[in-house]
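Per-entry structural report
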Amino acid sequence: MGFHEVRFPASLSFGSVGGPERHTDVVTLANGHEERNTPWAHSRRRYDAGVAMRGLHDIETLIAFFEARQAQLHGFRWKDWSDYKSGPALAEPAYHDQIIAIGDDVTASFPLIKAYRSGEQIYRRPITKPVAGTVRIGLSGDEQQEGVHYQVDTTTGIITFAHPPNEGLEITAGFEFDVPVRFDTDRIQTSVASFQAGDMPNVPVVEIRV
């Protein structure tokens, strides 16, 4: 089992269907009340890559990618066109999009996160596969320079500063990111006749923890 730092062709993931899922245990008591709990701290995303296939060339590309990953054996990057930026969907990432940490004079490395807010509730999603060249970092309103003030590990989403940020400094980030996934099947069934008739193959993809 491994992970290949290669992205599923973005032109083929465009138009795919999918999104986050949660696992909730619901127990209905004798009095009709419910008890709800979840063993998952983070959501997990699922997609269907098959619905985005538009021609036989796409099928050929899909099969080559599937074979190179050896089906479910190796993970890969996936661009979720509905959620791949740290800020608004129509805006370029800005260094102040997300508050990822507060400096303490000691810690030099910090993971990227994306916060999802609704009312008073906030979910903080770990971002482990930022896209190279898109990460921007700020310290209390001042943008920093990659390669001078900090380094980005695009395989883990860890930001490492040359010097630990001073205590109380707000560390912010902006970025684009991919989702680490694998194929959720060991076979792909296609035929020229069915494809030309509009019958798309089912190609499930599922997020993995890295």
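Residues numbered from 1 in each chain as written. Predicted model: local features only at pLDDT ≥ 70, side-chain atom pairs only at ≥ 80, totals over all residues. Heavy atoms only, no water.

Moving on: the pattern of salt bridges. A side chain of one charge can pair with a side chain of the opposite charge when the charged atoms of the two come close. Considering all chains together, one arrives at 11 salt bridges under this definition. Linking K114 and D83 is a salt bridge whose minimum nitrogen-to-oxygen distance equals 2.6 Å. With K114 in strand β8 (residues 109-118) and D83 in the loop between β6 (74-78) and β7 (98-102), the pair connects residues that are 31 residues apart, well separated along the chain. On the basis of relative accessibility, which here comes to 9%, the residue K114 falls in the buried class. Taken together, the salt bridges that share partners define one network made up of E5, R7, R77, K129 and D178. (Salt bridge = Lys/Arg side-chain N within 4 Å of Asp/Glu carboxyl O. Helix = DSSP H or I, 4+ residues; strand = E, 2+ residues; numbered from the N terminus. Buried < 20%, exposed > 50% of the residue type's maximum accessible area, 1.4 Å probe, protein only.)

All chains considered together, the criterion is met by 15 aromatic pairs. For the ring pair F65 and F76, a centre distance of 4.9 Å and an interplane angle of 85° mean the geometry is edge-to-face. Of this pair, F65 sits in helix α2 (residues 56-68) while F76 sits in strand β6, placing them 11 residues apart in sequence. For the pair F65 and F76, a shared accessibility class is recorded, and that class is buried. Following the ring pairs from residue to residue traces out a cluster consisting of F8, Y47, F65, F66, F76, W78 and F183. Positioned above the aromatic ring of Y84 is the side chain of K79, whose terminal nitrogen or guanidinium carbon lies 4.3 Å from the ring centre. (Phe/Tyr/Trp six-rings, centres within 6.5 Å; stacked < 30°, edge-to-face > 60°. Lys NZ or Arg CZ within 6 Å of the ring centre and 35° of its normal.)

As summarised here, the arrangement of the six strands in space is β1-β6-β15-β16-β5-β2, forming an open sheet in which the pairing is mixed. In the strand order of this sheet, the two ends are held by β1 (2-7) and β2 (17-21), each with one partner. Shown here is a sheet whose adjacent strand axes are inclined to one another by a mean of 30°, direction ignored. Alignment of β2 against strand β5 (residues 44-48), held across five bridges, turns out to be antiparallel. Bridge pairing links V17 to D48 in β5. (Pairing = 2+ DSSP bridges. Axes fitted to C-alpha atoms, helices over the stretch in contact; angles between N-to-C directions.)

The strand order across the open sheet formed by four strands is β9-β8-β13-β12, and the pairing between neighbours is antiparallel. The strands lining the two open edges of the sheet, one partner per strand, are β9 (121-127) and β12 (150-153). Averaged over all neighbouring strand pairs, the angle between strand axes comes to 35°, with direction disregarded. Where β12 lies against strand β13 (residues 158-161), four bridges are found, and the strand directions are antiparallel. Note on β13: the bridge partner recorded for Y150 is F161.

With that settled, the discussion passes to the side chain of D58. Considering the arrangement of structural elements, one finds D58 in helix α2. Not counting residues up to four positions away in its chain, the partners in contact with D58 are L12, A52 and M53. (Contact = heavy atoms within 4.5 Å.)

This paragraph deals with unusual backbone geometry. If you check the backbone angles, D105 has positive phi at about 75° while not being a glycine. Relative to the helices and strands, D105 is located in the loop between β7 and β8. Residue D105 is classed as partly exposed on the basis of its relative accessible area of 42%.

By themselves, these figures tell us nothing about what the structure is for.
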